[in-house]
Amino acid sequence: MIRKPGIIVYIIATVIAFVFLWPVLYTIFSSLKTMSELRAAVPTFLPQEWTFEHFFDIWDRGSWRRGNLARYIYNTFYVAVLSTLLAVLINTMSGYALAKFRFKGDTVILLIILATIMLPLEVIMVPISRVIRFFRIYNTHWALIIPPAATPAGIFLMRQFLLKIPDDLIECARIDGASEWRIFLTIIVPNAKPAIATIAIFSFMWRWNDYIWPLIAISDSNLYTLQLHISTFGGEYRTNWANMLATSTISMIPMLIVFLIFQRQFVQGTVETGMKG
Amino acid sequence: MAKKEQTFKWYVLKQKLVPYLFMLPNLIIFGLFIITPAIMGIYFSLTSFRGLGDTPTFVWFDNYRDIFTDADFLAAMWNTVRLVAVTLPIVFYVSLGLAVIISKELRARGLYRAIYYWPVMISFIVVGLIWQWIFHDTRGYLNGLLTTIGNWRIWETALFELPLLNRIDIGPVRTLRSPTFAWWGVVFLFTWSRAGYYMIMFVAALLSIPPALYEAGELDGANRWQKFIYITYPSLKPARLMVFILAAMEIFKIFPHIVQFTGGGPFDATMFQVQYIYEEAFTYRNLGSASAMSVVMIFMVMIFTGTVLLLSRRGGEE
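All of these numbers come straight from a predicted model, not from anything done at the bench.

## Section: the overall build of chain B
The number of helices and strands found in chain B is 14 helices and zero strands. Secondary structure elements in chain B, listed N-terminal to C-terminal, are α-α-α-α-α-α-α-α-α-α-α-α-α-α. Since a compact globule built from 318 residues should have a radius of gyration of about 20 Å, the 27 Å found for chain B marks it as more spread out than a globular shape. Of all 318 residues assigned to chain B, the portion counted as buried reaches 50%. Taking the contacts inside chain B whose residues are at least 6 apart along the sequence as the reference set, 70% of them involve residues at least 24 apart. A total accessible area of about 15,800 Å² is found for chain B, and carbon and sulfur atoms account for 67% of it. Of note, chain B has its 26 positive side-chain charges centred 11 Å away from the centre of its 20 negative side-chain charges.

Have a look at this one:
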């Protein structure tokens, strides 16, 4: 019944693909150009002369801005991994409680979680900056790891997924005398693997790309994340474009690799977090 | 016997506690880092708090009076509202269009979908940088291209003597140093970076429309356009509502996109609410009035969302 799309659809689809792909490729290729080519008034798409010099320069601490790229990459990676582990654990626990238990106040809790969607970080950043000082996690990575780990989208995704697991499975284990924590670890977690993968991938992406949390919580440049580092390069006319382009390329690469491997989870996750969160 | 009863009671009590314990870590974080700050924000907004060693003193509604007479804040607010009004329909229809293309039986459909989704994976800072680089006024690709076309046109008109075309002058533009260009640049940048995300939401909804509906439409002699208007579009209602609200909220709180792209300039042309609040709080240290601005912003978003939900429930269009 569905007609095969005609050639026009392919042309339109390809032109649009070009619009999405070209700017990123242009940026990556620009980072491989020599300094004089970067200054050209009429730039070319591909470098005339390929060079990797900027990718060596950016690691050098002394050459400009005293940055320490290796440290920033390490910080970003470490924060993203720890926050993701925590996010997986606590969102799975909450999802389990909301999917498989009936308890007093469960609708209230659901409403609270829904309300938090209406309160994104951007509108509470002023008091948040006081709260993280109060708990003495200002200027520590804990501020980037713990608070963002609890996500309404993650809870809803997990809840929706766990509703599909048969209750009998849990009841059987309970009759066998398994503790609740053990049921969680041996029955719920293994059965929730797809949802866990989705939460993990999204959480990693959010933390890797995050800007506002580090901006509010970190002022010590040794603790900077990659995005914070890139954003402090300075104004357009004082900017060292060669290094900026090379650093941005480096910050994009892990996400592109993750995306190529886990494309299916991303698509699934967008549908589910969107619809449920 | 009594002991057994006691252990049973203990077991029941424990079972009752279990779900709360599972919820606990999340609730603690929500409580400490979302609910508490929200309440504190309302409190701060009624004080003249300046952070650091300062203790908040009550000024009641002075902050609200002040921010509504602050021309710069009102400008940033109006700018944000305008941005939502312009960008929202664009993002909405672009992502719907992409979804329609992707849901066709294209060869290499997965590849197209991956490419359209790809900008979603790039951080807003880097997205801003990419487009700042392309729009750079002396080294950017856009101006390079315009220069090339301009030169080519002179050569061409010399040959063919086309006086009318000759009057149109093509050459480098002021790109991000022009307020108008920068503002529309933000609209474009946001659409480019987020359309793929909302596309996926539409795709899921499109694929769940039962084919029988289309078959029925075909029997009634509906053409392609009619099928889209009378079958596809109405079936997408939940997804449309979802995308509409999520995208609107995202545009209301636009900020990291701007930081690298324009930094709010030129001449505050791309200064939006969140950046204004950020600077009020962390550059000028007026935590009280910054909080009042945040409260105003929450109300704006809530009123917007509420209106949209209400209209959609009445069966009206967004």
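That shown, we press on.
## A look at the overall build of chain A
Regarding its fold elements, chain A presents 14 helices and zero strands. Mapped in sequence order, the helices and strands of chain A form the string α-α-α-α-α-α-α-α-α-α-α-α-α-α. The C-alpha extent of chain A, read off along each of the three principal axes, is 75 × 65 × 35 Å. Within chain A, buried positions represent 56% of all 277 residues. Sequence separation of at least 24 residues holds for 69% of the intrachain contacts in chain A that already meet a minimum separation of 6. Summed over all atoms, the accessible surface of chain A reaches about 12,700 Å², with 64% contributed by carbon and sulfur. Side-chain charges in chain A split into 23 positive and 16 negative, and the spacing between the mean points of these groups amounts to 4 Å.

## Focus on the side chain of B:S123
Position of B:S123 relative to the elements: it lies in the loop between α4 (109-117) and α5 (124-134). Classification of B:S123 as buried rests on a relative accessible area of 4%. Reaching out from B:S123, the side chain makes a polar contact with the side chain of A:Q227 at a distance of 2.6 Å. Apart from the residues lying within four places of it in its own chain, the contact partners of B:S123 are A:N209 and A:Q227.

## Considerations on the interface of chain A and chain B
Across the contact, 99 residues belong to chain A and 96 residues belong to chain B. Between chain A and chain B the total buried area reaches about 9,000 Å² when both faces are included, carbon and sulfur atoms providing 76% of it. Across the pair B:K253 and A:E122 runs a salt bridge, and its minimum N-O distance is 4.0 Å. Residue classes in the side of chain A that touches chain B are distributed as 71 nonpolar, 19 polar and nine charged.

## Overview of unusual backbone geometry
All names here are of chain B. For W60, which is not glycine, the phi dihedral falls at a positive 50 degrees. On the secondary structure map, W60 appears in the loop between α1 (2-44) and α2 (62-67). A relative accessible area of 54% means that W60 is categorised as exposed. Of note in the backbone geometry, D268 takes a positive phi value of approximately 60 degrees without being a glycine. For D268, the position within the fold is in the loop between α12 (256-261) and α13 (273-282). Taking relative accessible area as the criterion, D268 reaches 46% and is therefore assigned partly exposed.

## Things to note about the nonpolar core
Core analysis: the biggest nonpolar cluster contains 194 residues, and A:Y96, A:I132, A:L162, A:F266, B:Y116, B:Y117 and B:W131 have the highest contact counts within it. For this core, the element with the highest residue contribution is helix α8 (residues 179-207) of chain B, accounting for 17 residues. Counting only domains with at least three residues in this core, you end up with domain 1 (1-54) and domain 2 (61-276) of chain A. When near neighbours in sequence (up to four residues on either side) are disregarded, B:Y117 contacts A:F202, A:F259, A:F266, A:T270, B:G196, B:Y197 and B:I200.

## Thoughts on the environment of A:N240
Residue and element names in this part refer to chain A. With respect to the secondary-structure elements, N240 resides in the loop between α13 (226-231) and α14 (241-276). Take N240: its relative accessible area is 27%, and that puts it in the partly exposed class. It is 10.0 Å that separates the C-alpha atoms of N240 and M35, two residues lying 205 residues apart in sequence.

## Structural notes on the pattern of salt bridges
Counting across every chain of the model gives 10 salt bridges over all chains. A salt bridge links A:K100 to A:D167; the shortest N-O distance between them is 2.8 Å. A residue pair is termed long-range when its members are at least 10 positions apart, and A:K100 in helix α4 (residues 69-100) and A:D167 in helix α9 (residues 167-175) qualify at 67 residues. Judged by relative accessible area, A:D167 falls into the partly exposed class, the value being 45%. Note that B:D66 and B:R65 form a salt bridge whose closest N and O atoms lie 3.5 Å from each other. According to the relative accessible area criterion, B:R65 is exposed, its value standing at 52%.

## Here's the deal with the domain arrangement of chain A
Residues and elements named next belong to chain A. If you check the domain split of chain A, you get domain 1 (1-54) and domain 2 (61-276). Of note, the centres of domain 1 and domain 2, computed from C-alpha atoms alone, are 31 Å apart. At the interface, eight residues of domain 1 touch seven residues of domain 2. Its largest share of buried area at the contact with domain 2, domain 1 owes to T27, S31 and H54, together 52% of the area lost on that side. The tally of links between domain 1 and domain 2 comes to one residue pair in polar contact (both at pLDDT 80 or more). Per element, the largest residue contribution to the side of domain 1 that touches domain 2 is four residues, and it comes from helix α1 (residues 7-30).

## Let's talk about helix α5 (residues 106-117) of chain A
What sets the pattern is the α-helix's 3.6 residues per turn: residues three or four places apart point alike. Residues and elements named next belong to chain A. Its 12 residues place the ends of α5 17 Å apart at the C-alpha level, agreeing with the 16 Å of an ideal helix rising 1.5 Å per residue. Looking only at α5, the buried set comprises I109, I113 and T116. Down the axis of α5, the buried side of the element spans an arc of 55 degrees, and every buried residue falls inside it. In α5, those exposed residues whose orientation departs by more than 90 degrees from the buried face are T107 and L111.

## Thoughts on the packing of α5(A) against helix α8 (residues 152-162) of chain A
Residue and element names in this part refer to chain A. Contact pair α5 / α8: the axes reach a minimum separation of 9 Å and the direction vectors enclose 135 degrees. As summarised for this structure, α5 and α8 are arranged oblique, according to the angle between their axes. On the side of α5, the interface is formed by L110, I113, L114, T116 and I117, while α8 contributes P152, I155 and F156. Within the contact of α5 with α8, the residues separate by chemical class into seven nonpolar, one polar and no charged.

## Remarks on the environment of A:L226
Residues and elements named next belong to chain A. Structurally, the position occupied by L226 is in helix α13. Judged by relative accessible area, L226 falls into the buried class, the value being 0%. Residues L226 and T151, 75 residues apart in the sequence, show an inter-C-alpha distance of 22 Å. Discounting residues that sit within four places of it in the chain, L226 has contacts with L69, Y72, I73, T76, W208, T247 and S251.

The rules we used
- Per chain, residue numbering runs from 1 following the sequence as it is written.
- Lettering of chains starts at A and numbering of ligands starts at 1, both following the order in which they are written.
- A pLDDT threshold of at least 70 governs which residues receive local features in this predicted model, and a stricter bar of 80 or more applies before side-chain atom pairs are shown or counted, although totals over entire chains, interfaces and linings include all residues.
- In computing side-chain properties, one takes all heavy atoms of the structure into account and sets aside hydrogens as well as water.
- Helix numbers and strand numbers start at the N terminus; a helix is a DSSP run of H or I with at least 4 residues, a strand a run of E with at least 2.
- In this setup the radius of gyration rests on C-alpha atoms only. A globule is expected at 2.2 Å times the number of residues raised to 0.38.
- Burial status follows relative accessibility: with a 1.4 Å probe on protein chains alone, a residue under 20% of its type maximum counts as buried, one over 50% as exposed, and anything between as partly exposed.
- Working rule for contacts: check all heavy atoms of both residues, and any pair within 4.5 Å makes them a contact.
- Reported accessibility uses the Shrake-Rupley method at a 1.4 Å probe radius. Residues are deemed covered only where the shown protein chains occlude them.
- Within this scheme the basic residues Lys and Arg register as positive and the acidic residues Asp and Glu register as negative, but His and the chain ends are omitted.
- Here the site of a charge means atom NZ of a Lys, CZ of an Arg, CG of an Asp or CD of a Glu.
- The term polar contact refers here to a pair of N or O atoms within 3.5 Å; inside protein, the definition further demands a hydrogen-donor-capable atom paired with an acceptor-capable atom, and it admits residues adjacent in sequence only when both atoms are side-chain atoms.
- Simply put, the buried area is the total loss of 1.4 Å probe accessible area from both parts when two parts are fitted together.
- Salt bridge, as used here: a side-chain nitrogen of Lys or Arg that lies within 4 Å of a carboxyl oxygen of Asp or Glu.
- For this classification, Asp, Glu, Lys and Arg are treated as charged, while Ala, Val, Leu, Ile, Met, Phe, Trp, Tyr, Cys and Pro are nonpolar and the rest, including Gly, are polar.
- Only buried residues count toward a nonpolar core, which is a set of Ala, Val, Leu, Ile, Met, Phe, Trp, Tyr and Cys residues joined through side-chain atoms within 4.5 Å.
- For the domain bounds, the source is a domain assignment made automatically or taken from a database.
- The span one expects for a helix is its residue count, reduced by one, times 1.5 Å.
- Each direction from the helix axis to a C-beta atom contributes to the arc, which is the arc of those directions.
- An axis is simply a line fitted to the C-alpha atoms; with a helix, the fit covers only the stretch in contact. Between two such axes, the angle follows the N-to-C directions and lies from 0 to 180 degrees.
- Throughout, the term roughly parallel applies to angles under 35 degrees, roughly antiparallel to angles over 145, roughly perpendicular to angles from 65 to 115, and oblique to all others.

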